[in-house]
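Geometric and topological summary
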Amino acid sequence: MTPVKIGIIGGSGLNNPDLFEVTSESPQDTPYGPPSDILREGLIGGVPCVLLARHGRKHTIMPTKVNYRANLWALKERGCTHVLVSTACGSLQENIHPGDFVILDQFIDRTTKRSQTFYDGEEGHPPGILHLPMGTPFCSDTTTHLKECCEALGYTVHPTGTVVTIEGPRFSSKAESRMFRQWGADVINMTTVPEVVLARELGMCYAAIAMATDYDSWREGHEAVTVEAVMATFRSNAEKAINVLKMAVAKIAAEDWSQRISALKNSCHDVEPVPVS
Ligand code: ADE
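Reference entry: report on the structure contained in this document. Quantities reported herein were computed from a predicted structural model and do not represent experimental measurements. (Residues numbered from 1 in each chain as written. Predicted model: local features only at pLDDT ≥ 70, side-chain atom pairs only at ≥ 80, totals over all residues. Heavy atoms only, no water.)

Moving on, we come to the site of the ligand. Looking at the ligand, there are 13 residues lining it, with Ala88, Gly90, Asn189, Asp214 and Asp216 nearest. Here a nitrogen atom of the ligand sits 3.2 Å away from a polar atom, N or O, in the main chain of Gly90. Burial of the ligand by the surrounding chains reaches 95%, relative to a free accessible area of 260 Å². Listing elements by their share of the shell around the ligand, those giving two or more residues are strand 5 (82-91), strand 10 (187-189) and strand 11 (205-214). The element that contributes the greatest number of residues to the shell around the ligand is strand 5, accounting for three residues. Across the shell around the ligand, the residue classes break down as eight nonpolar, three polar and two charged. (Near = heavy atom within 4 Å. Polar contact = N/O pair within 3.5 Å; in protein donor to acceptor, adjacent residues only side chain to side chain. Areas by Shrake-Rupley, 256 points an atom, 1.4 Å probe, with all protein chains shown as cover. Helix = DSSP H or I, 4+ residues; strand = E, 2+ residues; numbered from the N terminus. Nonpolar A, V, L, I, M, F, W, Y, C, P; charged D, E, K, R; others polar.)

Written as structure tokens, this is what we have:
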């Protein structure tokens, strides 16, 4: 049985959670520069975990400036087999209410300024070009655990969801927000891409629990989203997200992931990159 180690990336409102007792804290350098913060290691129910604050512990790093490649590389370097993340999202659907959880299973990429691959041809980075299949971006088994934990805890959860990731840092106009609804998206945020893509390049099982914090800008008769509204909703529901993550870690660790991890490795990490001509 492959031992699991779980990286947890805490998003807005979950930067310094009461998730576990930290047993060690240390920086981790990477070929892509430093991650958003030091890595904090500890145990949840005996399972080794590594916690990383996506926007830095003081929430000083805006979504475009997050060093996603360094964050994921650092977690891989520490031996993480899984990455669980929380993300605050705007709701694009009437039936997804602020405070609800959505288990993400698809994305639409509207980012413009982010590097989405480790294979960029730079010196000291992995050689070649990687054309990574992305039909199923999230780890469906890990995702199922998150969904089941929400249900077991009695929280409202939408078992699937398409997220639109925008570049930010501004929120969307009404016209953009309505267009995303027409595209069939369920929620909107600023960080899932390229995080999910990079985790896949490194062969880690990645799953995201999104918390709806607002109705973005599309809803008639409602004030458009503000950062204060996002943070207030997330803060008042953060304990729920922590409970889900804690329970999910235990459920994940009780399973044998050997086959899934080697399938992920074969499907991407060890893909023979196309040589740069
Ligand atoms: N994060 C939380 N709410 C959001 C929204 N409406 N748009 C983009 N990112 C968000």
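What follows is about the packing of helix 1 (residues 68-77) against helix 4 (residues 192-201). Between helix 1 and helix 4, whose axes approach to 9 Å, the crossing angle comes to 35°. In this structure, helix 1 crosses over helix 4, and the sense of that crossing is right-handed. Residue-level contacts link Tyr68, Arg69 and Leu72 of helix 1 to Pro194, Glu195, Leu198 and Ala199 of helix 4. A breakdown of the residues in the contact of helix 1 with helix 4 according to their chemical character gives five nonpolar, no polar and two charged. (Axes fitted to C-alpha atoms, helices over the stretch in contact; angles between N-to-C directions. Left-handed = near helix turned anticlockwise from the far one by under 90°. Contact = heavy atoms within 4.5 Å.)

What follows deals with unusual backbone geometry. Here Gly168 and Pro169 are connected by a cis peptide whose omega angle stands at 0°. One can find Pro169 in the loop between strand 9 (162-166) and helix 3 (174-182). A positive phi angle, near 55°, is found at His59, a position not held by glycine. When you line up the elements, His59 lands in the loop between strand 4 (47-53) and helix 1. You will see that Asp216, though not glycine, has its phi angle at about 50°, which is positive. Owing to a relative accessible area of 4%, Asp216 belongs among the buried residues under this scheme. (Buried < 20%, exposed > 50% of the residue type's maximum accessible area, 1.4 Å probe, protein only.)

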